[in-house]
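Chain residues, written in single-letter form:
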Amino acid sequence: MNSRSRIVVVGDVITDVVAVLSGPLATGSDTAAEIRFSGGGQAANTAAWIAAQGAAVTLVGAVGDDEAGRDRVAELTRVGVDCVVERHEGYPTGTVIVLAGDGERTMVSQRGANLRLSAAHVDRALAGAPDAGHLHLSAYTLLDAPSRGAGLRALAAARERGLTTSVDAASAAPLRRVGAAAFLTWVRDVDLLLVNTDEATVLAGGLDPAAQARALSAAARRVVVKQGAAGAVWVDRNATVGVAPARRVAVVDVTGAGDAFAAGLLTAWLAGADPRAALARAADLGATAVATVGARPTP
């Protein structure tokens, strides 16, 4: 990486309450589970995985002026993330209840102080990171109407400063609510768009992954479609196609796997790796993530 090698990650900081279910959820009754409280949030998780790769990373976000917010910032700082995180009195730090089992997870979310992220805070954070070379945005910031201005400003300010940009599409249900046309307008001409197969279907229809990526490359310069155990595909406007199989591992908890994948992809690609090598590194980190409980790298 060059002298402007810092990655700035903009988006959500969350407390995860992860319940790894012992079997199918018994609606209206009890289901045994392994339950764990930990740091979460797509942006915060990605920043933690980037720091674990030895790259300089800044997280820009918002938490409540509460114990949970202080704990989330402290744990990220301990693992090497430079936190430029505002505290908002009267708003709780975001919390997500994650029900994990059978290779899937379902999330129940309270966005909390994440909705207070502002364009002015993003501008100040970027001004304080002159060594930044890339900005990565969690699309939750765009999908939540109160923080949308901050997300749009992050992408615009990055372009003004000559940074490359990437967006992780975040989640299929909120994408469906805002609509594909609006979202693709917001992310037009980003350097890299990451989507999973559900998100790709919302944005590009029920095509095969390579065709979905080609369709989405009309909006983004490069598109990666993540297919879980089936691997991932990369397509760009130069008709470059890269494919990487997933590593076969015992799946314990898929929470944060996409965030680990994004961190591996970004650190490899920004260091000069070609698409196949970047996808392979991403797959390695994703496999590491699903083999343990929780969304962050283990110390």
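Check the entry above for the structure.
The following paragraphs examine the structure supplied in this document. Small disclaimer: the values here were computed from a predicted structure and weren't measured.

Take the overall build of the protein chain next. The secondary structure content of the protein chain amounts to eleven helices and 13 strands. What you see for the protein chain is a C-alpha radius of gyration of 18 Å, in line with the 19 Å of a compact globule of 299 residues. With the principal axes as the frame, the protein chain shows a C-alpha extent of 55 × 40 × 35 Å. Counting every position in the protein chain, which comprises 299 residues, the buried fraction comes to 54%.

If you walk across this open sheet you meet the four strands as 3-2-6-7, and the pairing is mixed. In this open sheet, the two strands that pair with only one neighbour each are strand 3 (33–40) and strand 7 (104–110). On average, each strand axis in the sheet is tilted by 20 degrees relative to the strand beside it, whichever way the strands run. By the bridge criterion, seven bridges tie strand 2 (residues 14–21) to strand 6 (residues 94–101) in an arrangement that is parallel.

It is worth spelling out the side chain of Ser217 at this point. Summarising the element assignment, Ser217 is placed in the loop between helix 9 (209–216) and strand 11 (222–226). For Ser217, a relative accessible area of 11% corresponds to the buried category. Dropping the residues within four chain positions of it, Ser217 is found in contact with Val223 and Arg237.

The next thing to look at is unusual backbone geometry. Its identity is not glycine, yet Ala170 carries a phi of approximately 85 degrees, on the positive side. Within the secondary structure, Ala170 sits in the loop between strand 9 (164–168) and helix 6 (172–178). Using a relative accessible area of 6% as the deciding quantity, one classes Ala170 as buried. Phi angles above zero are rare outside glycine, and Asp189 is one such case at about 70 degrees. Counting through the fold element by element, Asp189 comes out in the loop between helix 7 (180–186) and strand 10 (192–196). We classify Asp189 as partly exposed; its relative accessible area is 31%.

The next thing to look at is the pairing of strand 10. Counting buried positions along strand 10 yields four of five residues, so the element is predominantly enclosed. Across three bridges, the pairing between strand 9 and strand 10 is parallel. Across the sheet, residue Ser166 finds its bridge partner in strand 10, namely Leu192. Pairing between strand 10 and strand 11: four bridges, direction parallel. Looking across to strand 11, one finds that Leu193 is bridged to Val223.

Before going further, it helps to examine the environment of Ser118. Mapped onto the elements, Ser118 comes out in the loop between strand 7 and helix 3 (119–127). Judged by its relative accessible area of 23%, Ser118 falls in the partly exposed class. When the C-alpha atoms of Ser118 and Ala277 are compared, they prove to be 36 Å apart, with 159 residues separating the residues in sequence. A polar side-chain atom of Ser118 sits 3.1 Å from the main-chain amide nitrogen of His121.

This next bit is on the packing of aromatic side chains. In total, this model carries one aromatic pair according to the counting rule given. When the ring of Trp234 is compared with that of Trp269, the centres are 6.3 Å apart and the planes differ by 70 degrees; the resulting orientation is edge-to-face. With Trp234 in strand 12 (residues 232–236) and Trp269 in helix 10 (residues 257–270), this pair connects stretches of sequence that are 35 residues apart. The exposure class of Trp269 is buried, given its relative accessible area of 15%.

Right, let's talk about the sheet that holds strand 9 for a bit. Taken together, the nine strands give an open sheet; going across it, the order is 5-4-1-8-9-10-11-12-13, and neighbouring strands pair in mixed fashion. In this open sheet, the two strands that pair with only one neighbour each are strand 5 (82–88) and strand 13 (241–244). Across the sheet, the axes of successive neighbouring strands diverge by a mean angle of 15 degrees, strand direction being ignored. Sheet topology places strand 8 (residues 132–138) next to strand 9; five bridges connect them, and they run parallel.

About the criteria used
- Residues numbered from 1 in each chain as written.
- Predicted model: local features only at pLDDT ≥ 70, side-chain atom pairs only at ≥ 80, totals over all residues.
- Heavy atoms only, no water.
- Helix = DSSP H or I, 4+ residues; strand = E, 2+ residues; numbered from the N terminus.
- Rg over C-alpha atoms; globule rule 2.2 N^0.38 Å.
- Buried < 20%, exposed > 50% of the residue type's maximum accessible area, 1.4 Å probe, protein only.
- Pairing = 2+ DSSP bridges.
- Axes fitted to C-alpha atoms, helices over the stretch in contact; angles between N-to-C directions.
- Contact = heavy atoms within 4.5 Å.
- Polar contact = N/O pair within 3.5 Å; in protein donor to acceptor, adjacent residues only side chain to side chain.
- Phe/Tyr/Trp six-rings, centres within 6.5 Å; stacked < 30°, edge-to-face > 60°.

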